[in-house]
Amino acid sequence: MTTRLRRFTDVEQARTPLIEAYAEVRAPLLHLPNYSVPALAERLGRYGRTPGFAAVLAFNAEDQPVGYAYGNTVQAGDLWWRRISDDLDAEYTRAPTLALREIGVTVAFRGTGLARRIHDELLAGREDRYVSLMVNPAAGEGKVQQVYESWGYETIGPVQPAPDSPVLTAMVRPLSSRTGPEIDQPKTAAGRRDARSA
């Protein structure tokens, strides 16, 4: 299936096709307050005004949006980190990080590699040191979290971003897939817990 990707840094230009794709991707969940279209529109309005906002949308051959991802840069002290834990490794929180707010592809394009293409395009060329996301561990009976793990993400802790949202798993990885002296690998939350309990 032919798709093309388009990057946006202006939330107003991305809004309509992103909401259209979101409504199809999240159709089974739209009745839940945290997944409703108005809730997404509010989040887009909020994050679209923040530093480092970007969105990537995928369009099919008929120019219909079939996938999306968006995020923004978060710094030390941001609510993103405070929701996860007050005891995160400072290596994560002291460096600018891309908060990957959401990613999704329509049913017809799942399993085609499109989500990874969108993800990688969103990360391309960014100067943030890390990328972090939150995933519902029940999504796809755990398979969605496993996909993120295969992309290099590690769990850093549970988080409930809003009272009406499920408890999610916060994950992080270096923005670059390189490892070595220039990309330090801080200890995961599990590693810190093990050290404290030893």
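Refer to the structure printed above.
Reading guide: rules and limits
- Residues numbered from 1 in each chain as written.
- Predicted model: local features only at pLDDT ≥ 70, side-chain atom pairs only at ≥ 80, totals over all residues.
- Heavy atoms only, no water.
- Helix = DSSP H or I, 4+ residues; strand = E, 2+ residues; numbered from the N terminus.
- Buried < 20%, exposed > 50% of the residue type's maximum accessible area, 1.4 Å probe, protein only.
- Contact = heavy atoms within 4.5 Å.
- Phe/Tyr/Trp six-rings, centres within 6.5 Å; stacked < 30°, edge-to-face > 60°.
- Pairing = 2+ DSSP bridges.
- Axes fitted to C-alpha atoms, helices over the stretch in contact; angles between N-to-C directions.

Caption draft 1: Layout of the overall build of the protein chain. When helices and strands are counted, the protein chain shows 7 helices and 7 strands. Walking the protein chain from its N terminus toward its C terminus, one meets helices and strands in the order β-α-α-β-β-α-α-β-α-β-α-β-β-α. For the protein chain, buried positions account for 49% of its 198 residues. Counted over contacts in the protein chain with a minimum sequence separation of 6, partners at least 24 positions apart contribute 67%.

Caption draft 2: Representation of the packing of aromatic side chains. Going through the model one piece at a time under the given rule, you end up with 4 aromatic pairs. With a centroid separation of 6.2 Å and an interplanar angle of 55 degrees, the aromatic rings of Tyr22 and Tyr68 are classed as tilted. Taken together, the residues span a long stretch of sequence, with Tyr22 in helix H1 (residues 11–25) and Tyr68 in strand S3 (residues 65–74) at a distance of 46 residues. A residue is classified by how much of its surface remains accessible, and Tyr68, at 0% relative accessible area, is buried.

Caption draft 3: Highlighting the sheet that holds strand S2 (residues 54–60). Overall, mixed pairing links the 7 strands, which are arranged S1-S2-S3-S4-S5-S7-S6 in an open sheet. Of all the strands in the sheet, the pair left with one neighbour each is strand S1 (3–8) and strand S6 (154–159). Neighbour-to-neighbour, the strand axes of this sheet turn through a mean angle of 25 degrees, independent of strand direction. When strand S4 (residues 97–105) meets strand S5 (residues 130–135), the two strands line up parallel, connected through 4 bridges. When the bridges of S5 are listed, Ala99 appears paired with Ser132. Packing of helix H2 (residues 37–47) onto the sheet brings it into contact with S3 and S4, and relative to S3 it is tilted by some 45 degrees. Together, S1, S2, S3, S4, S5 and strand S7 (168–174) form the strand contacts of helix H5 (residues 114–123), whose direction differs from that of S4 by roughly 155 degrees.

Caption draft 4: Highlighting unusual backbone geometry. Even without being a glycine, Asp63 presents a positive backbone phi close to 65 degrees. One non-glycine residue, Glu141, lies in positive phi territory at about 55 degrees. With respect to the element layout, Glu141 can be found in the loop between S5 and helix H6 (143–150). Judged by relative accessible area, which is 74%, Glu141 ranks as exposed.

Read these as layout, nothing more, since geometry by itself doesn't imply function.
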